[in-house]
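Summary of the model geometry
The residues making up each chain are set out below.
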Amino acid sequence: MGKYTLTVFSKNGETLLDESFEAATEKEAKTLGEKRLEELNYLDTTHRCTNASGKLVLFHR
């Protein structure tokens, strides 16, 4: 299991969400991240999901 961080930003750069979760693969992390964003109504807000080494798995601007 790898550790991933999901972060959401407002238009002025304020961090709206910063939470970590675990997933077996990058594909699973992307799916879990998108699900969480949908739950919180942040799909159309600037966001990113990175793995523990900083690689982008999911990004929207």
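The text that follows walks through the structure, step by step, so that each part is easy to find. (Residues numbered from 1 in each chain as written. Predicted model: local features only at pLDDT ≥ 70, side-chain atom pairs only at ≥ 80, totals over all residues. Heavy atoms only, no water.)

**Concerning the overall build of the protein**
The line we're drawing: The helix count covers DSSP runs of H or I at least four residues long, the strand count covers runs of E at least two residues long, and both are numbered beginning at the N terminus. Relative accessibility under 20% of the residue-type maximum defines a buried residue, over 50% an exposed one, and the middle range a partly exposed one, all with a 1.4 Å probe and only protein chains included.
When its secondary structure is counted, the protein shows 1 helix and 4 strands. The linear arrangement of helices and strands in the protein, starting from the amino end, is β-β-α-β-β. For the protein, the C-alpha atoms occupy an extent of roughly 35 × 20 × 15 Å along the three principal directions. A total of 61 residues make up the protein; the buried ones form 31% of that total.

**Here's the deal with the nonpolar core**
For clarity, the cut-off: Working definition of a nonpolar core: buried Ala, Val, Leu, Ile, Met, Phe, Trp, Tyr and Cys residues. They are joined through side-chain atoms within 4.5 Å. By definition, residues are in contact when any of their heavy atoms lie within 4.5 Å.
Counting residues in each nonpolar core, the largest one holds 12 residues, listed as Tyr4, Leu6, Val8, Leu17, Phe21, Ala23, Ala29, Leu37, Tyr42, Cys49, Val57 and Leu58. Put simply, the parts of the chain that give this core at least two residues each are strand E1 (2-9), strand E2 (15-23), helix H1 (26-39) and strand E4 (56-60). With near-sequence residues (within four places) excluded, Leu58 lies in contact with Lys30, Gly33, Glu34, Leu37, His47, Arg48 and Cys49.

**Notes on unusual backbone geometry**
The phi torsion at Asn41 lies on the positive side, around 60 degrees, for a residue other than glycine. Residue classification places Asn41 among the exposed residues on the basis of a relative accessible area of 68%.

**Some thoughts on the sheet that holds strand E3 (residues 47-51)**
In sheet architecture, strand pairing relies on hydrogen bonds along the backbone and comes in two forms, parallel and antiparallel. To keep it simple, the criterion reads: A pair of strands is considered paired only if DSSP assigns at least 2 bridges between the two. Structural elements are reduced to axes, namely lines fitted to C-alpha atoms, with helices fitted over the stretch in contact, and the angle between N-to-C directions of any two is expressed from 0 to 180 degrees.
Pairing within the open sheet is antiparallel, and its 4 strands lie in the order E2-E1-E3-E4. Both edges of this open sheet fall to E2 and E4, since each of them pairs with a single strand only. If you compare each strand with its neighbour and ignore which way they point, the axes differ by 15 degrees on average. With 5 bridges joining them, E1 and E3 adopt antiparallel strand pairing. By the bridge assignment, Val8 is partnered in E3 with His47. Along the sheet, H1 makes contact with E1, E2, E3 and E4, crossing E2 at roughly 140 degrees.

Structural measurements only, silent on function.
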